[in-house]
Amino acid sequence: GLREQLLRKDVELDAAERARKESAREAERSMALANSTASLCENIKETHADAQQILLQRIASLEATVEDEARDLAEGRKQALELAAAQGEVAELTEAFQELERESEA
């Protein structure tokens, strides 16, 4: 009768207490997992931002290099044109000089 009911109640309370403790441990594990996931997400965001920053700096550096190269090319082209013009003048002067020599010999 009463004694068996009390024993049964005691067993039920023990089972309920074990279930509550297990549930609390499960909640702790879930919280720990949530925290580590949040931390991982934060690290990923920071790494992504760092990578973006590095890429932007590299792009800026390459753009500057390209501008320098373009400037050097333009300067080289200008010098080549000036050289060609000077060579043309030299050829004309040489021709004129040779013409004068021929005239003076005649």
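To be clear, the structure that these remarks concern was listed above.
Described below are features of the structure shown in this document. Predicted, not measured: the structure shown is a model, and the values here were computed from it.

Points about the overall build of the protein
Point 1. The helix and strand tally for the protein stands at 1 helix and 0 strands.
Point 2. In terms of overall size, the protein is more extended than a compact globule, its C-alpha atoms giving a radius of gyration of 45 Å where 106 residues would be expected to give roughly 13 Å.
Point 3. Based on the C-alpha atoms only, the size of the protein along its principal axes is roughly 155 × 10 × 10 Å.
Point 4. Evaluated residue by residue, the protein yields a buried proportion of 0% over its 106 residues.
Point 5. When the accessible surface of the protein is totalled, it reaches about 9700 Å², and 59% of it is carbon and sulfur.
Point 6. Here the protein holds 14 positive side-chain charges and 25 negative ones, and the gap between their average locations is 27 Å.

A look at a negative patch on the surface
Point 1. Together, Glu69, Asp72, Glu75 and Glu82 make up a region of like negative charge exposed at the surface.
Point 2. Looking at the element boundaries, Glu82 is found in helix α1 (residues 2–105).
Point 3. By relative accessible area, which is 46% here, Glu82 ends up partly exposed.

Some details on the environment of Gly1
Point 1. As for its position among the elements, Gly1 is in the segment before α1.
Point 2. Gly1 gets classed as exposed once you look at its relative accessible area, which sits at 69%.
Point 3. For the pair formed by Gly1 and Glu95, sequence separation is 94 residues and the distance between their alpha carbons is 138 Å.

Looking at a nonpolar patch on the surface
Point 1. A contiguous nonpolar patch, built from Leu55, Leu56 and Ile59 and spanning about 310 Å² of accessible area, is present on the exposed surface.
Point 2. Of note, Ile59 is situated in helix α1.
Point 3. The partly exposed category is assigned to Ile59, whose relative accessible area is 46%.

Some points on the pattern of salt bridges
Point 1. This structure, assessed with the given rule, holds 7 salt bridges.
Point 2. Of the charged contacts in the structure, one is a salt bridge between Glu22 and Arg29, with a shortest N-O distance of 3.2 Å.
Point 3. One salt bridge in this structure joins Asp68 and Arg71, with 3.0 Å as the shortest N-O distance. One end of the pair, Asp68, and the other, Arg71, are both in helix α1, 3 residues apart, so they sit about a helical turn from each other.
Point 4. Looking at Asp68, the relative accessible area reads 37%, which means it is partly exposed.
Point 5. What emerges from the salt-bridge pattern is a single network uniting Glu22, Arg25, Glu26 and Arg29.

Reading the values: rules and limits
- Residues numbered from 1 in each chain as written.
- Predicted model: local features only at pLDDT ≥ 70, side-chain atom pairs only at ≥ 80, totals over all residues.
- Heavy atoms only, no water.
- Helix = DSSP H or I, 4+ residues; strand = E, 2+ residues; numbered from the N terminus.
- Rg over C-alpha atoms; globule rule 2.2 N^0.38 Å.
- Buried < 20%, exposed > 50% of the residue type's maximum accessible area, 1.4 Å probe, protein only.
- Areas by Shrake-Rupley, 256 points an atom, 1.4 Å probe, with all protein chains shown as cover.
- Lys, Arg positive; Asp, Glu negative; His and termini not counted.
- Charge placed at Lys NZ, Arg CZ, Asp CG, Glu CD.
- Patch = residues over 30% accessible without salt bridge, like charges linked within 9 Å, V, L, I, M, F, W, Y side chains within 5 Å.
- Salt bridge = Lys/Arg side-chain N within 4 Å of Asp/Glu carboxyl O.

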